[in-house]
Amino acid sequence: MATAAAKRARIGVLGASGYTGAELVRLLIRHPAVEIALLTADRRAGQEMRQVFPQFSPFELPKLQSIEGMDWAGAGLDLIFCALPHGTTQKVIQQIVATLPGSKVVDLSADFRLSDPAAYAHWYGHAHHAPELQPRAVYGLVEIYRDEIKRAQLVANPGCYTTCAELALIPLLRANAVDPDAIVIDAKSGMTGAGRAAKEEMLFSEVSEGFHAYGVGHHRHMAELDQEFSRAAGRKVIVSFTPHLVPMNRGILSTIYVRGLKGSPEDLHAILAKSYAKEPFVHVLPFGQMPQTRHVRGSNMTFIGVAMDRIPGRAIICSALDNLTKGASGQAVQNMNLMLGFPETMGLEQVALFP
């Protein structure tokens, strides 16, 4: 396998014609330790990446290929990003692991995020097609599972909504500082969170000048949130979570309402500030200041703010990130860096684009 001191690592991106695939290419083009060796996109197979995304016109990139009939053994890849729809990735990764056992995989779909295959079947409506691989998958929330990720062959990149809420809450649940039964997460996402496929409900005239909730009471990310919050609290946790679609391109803002079990809202802020004091991609704002999506756009940062609620014993936490970067492709590159032995921040140090 390639290392930081050896030749550049050969990287494949499956599903390069989607938003997360394009974001991966954007980040990897300038990564000093990797070479983009394979790009796939079935509907766009045979085309150049510049034909799909003109911003890549100045760069020499592999022509887009179909996954169908791919010679994984001959591809010579050190790591593969799977930016494919859920339900399709499991069989693809089965083939990769069987024919290219030395390669590593970062899966950006939901296919390996839930440790219980029965929970996956319940939330996604079909049986898991690779249950033998699920125990080997490591949940890729770097700030929480860094050591496990370093040793992993298969990493399940977390969802964007879940990353935003989990980073704000897991340290507090681990410290038994908030009531696990009184958590309410009100989250808003930009349009790119819905993918690039043509959908009537995503037309400009359907979403512009509007703001609406969706997946109310049954969004699939609920299972992921419950799993990680239960691990952090050491007992079963079921949270209230409602996502909303906002007519902007990038960004997630989660407004989280909690009841403290000990101490004041300032104490909750202190726990978060201490937890993330040395983390390069999580920044806790001064007490009372709230983050904005525009301040993290295009970066791998998460900004977290804590404020006092007017109801005694309660606090309001806001967390903001770019759903395509820290919520997806940036976090995936962060995982890749750990898995291949590169500095964790390599290729991810860009400051947010503002205004």
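Residues numbered from 1 in each chain as written. Predicted model: local features only at pLDDT ≥ 70, side-chain atom pairs only at ≥ 80, totals over all residues. Heavy atoms only, no water.

Concerning the nonpolar core
Ranked by size, the top nonpolar core spans 84 residues in total, and within it Leu28, Phe81, Ile185, Phe229 and Met336 carry the most contacts. For Phe229, the contacting residues outside a window of four places in its chain are Ala165, Glu166, Leu169, Ile170, Leu173, Ile185, Val237 and Val239. Grouped together as the second largest cluster of nonpolar side chains are 22 residues, Ile80, Leu100, Leu133 and Ala137 included. (Core = buried A, V, L, I, M, F, W, Y, C linked by side-chain atoms within 4.5 Å. Buried < 20%, exposed > 50% of the residue type's maximum accessible area, 1.4 Å probe, protein only. Contact = heavy atoms within 4.5 Å.)

Quick notes on the sheet that holds strand β9 (residues 212-213)
Taken in spatial order, the 7 strands make up an open sheet running β9-β10-β8-β11-β14-β13-β12, and their pairing is mixed. Two strands close off the open sheet at either side, each with one partner strand: β9 and β12 (282-284). Two elements, strand β11 (residues 252-259) and strand β14 (residues 314-321), share 8 bridges in a ladder whose sense is antiparallel. From the neighbouring strand, Thr255 faces β14, where its bridge partner is Cys318. (Pairing = 2+ DSSP bridges. Helix = DSSP H or I, 4+ residues; strand = E, 2+ residues; numbered from the N terminus.)

Quick notes on the state of the cysteines
Considering all chains together, one arrives at 0 disulfides under this definition. Free of any disulfide, Cys82 has its nearest neighbouring cysteine sulfur in Cys160, separated by 18 Å. Counting only cysteine sulfurs, Cys164 is the nearest neighbor of Cys160, a cysteine outside any disulfide, at a range of 8.8 Å. With relative accessibility at 14%, the residue Cys160 sits in the buried group. (Disulfide = S-S within 2.5 Å.)

Focus on helix α6 (residues 142-150)
Because an α-helix packs 3.6 residues into every turn, residues spaced three or four apart end up facing the same way. Of the residues making up α6, those classed as buried are Val142, Glu143, Ile144, Tyr145, Arg146 and Ile149. On its buried face, α6 is in contact with β6 (137-139), β7 (154-156), α7 (160-174), α9 (221-233), β12 and α11 (325-340).

So, the pattern of salt bridges
Overall, the coordinates contain 12 salt bridges when judged by the stated rule. The closest approach of N and O atoms between Glu35 and Arg10, which form a salt bridge, is 3.5 Å. A residue pair is termed long-range when its members are at least 10 positions apart, and Glu35 in strand β2 (residues 34-40) and Arg10 in strand β1 (residues 9-14) qualify at 25 residues. Residue classification places Glu35 among the partly exposed positions, given a relative accessible area of 33%. Classification of Arg10 by relative accessible area gives partly exposed; the value is 26%. A salt bridge links Asp322 to Arg250; the shortest N-O distance between them is 2.9 Å. One end of the pair, Asp322, is in the loop between β14 and α11; the other, Arg250, is in the loop between β10 (240-245) and β11, with 72 residues separating them in the sequence. Look at the salt bridges and you will find they share partners, linking Glu23, Arg26, Arg250 and Asp322 into a network. (Salt bridge = Lys/Arg side-chain N within 4 Å of Asp/Glu carboxyl O.)

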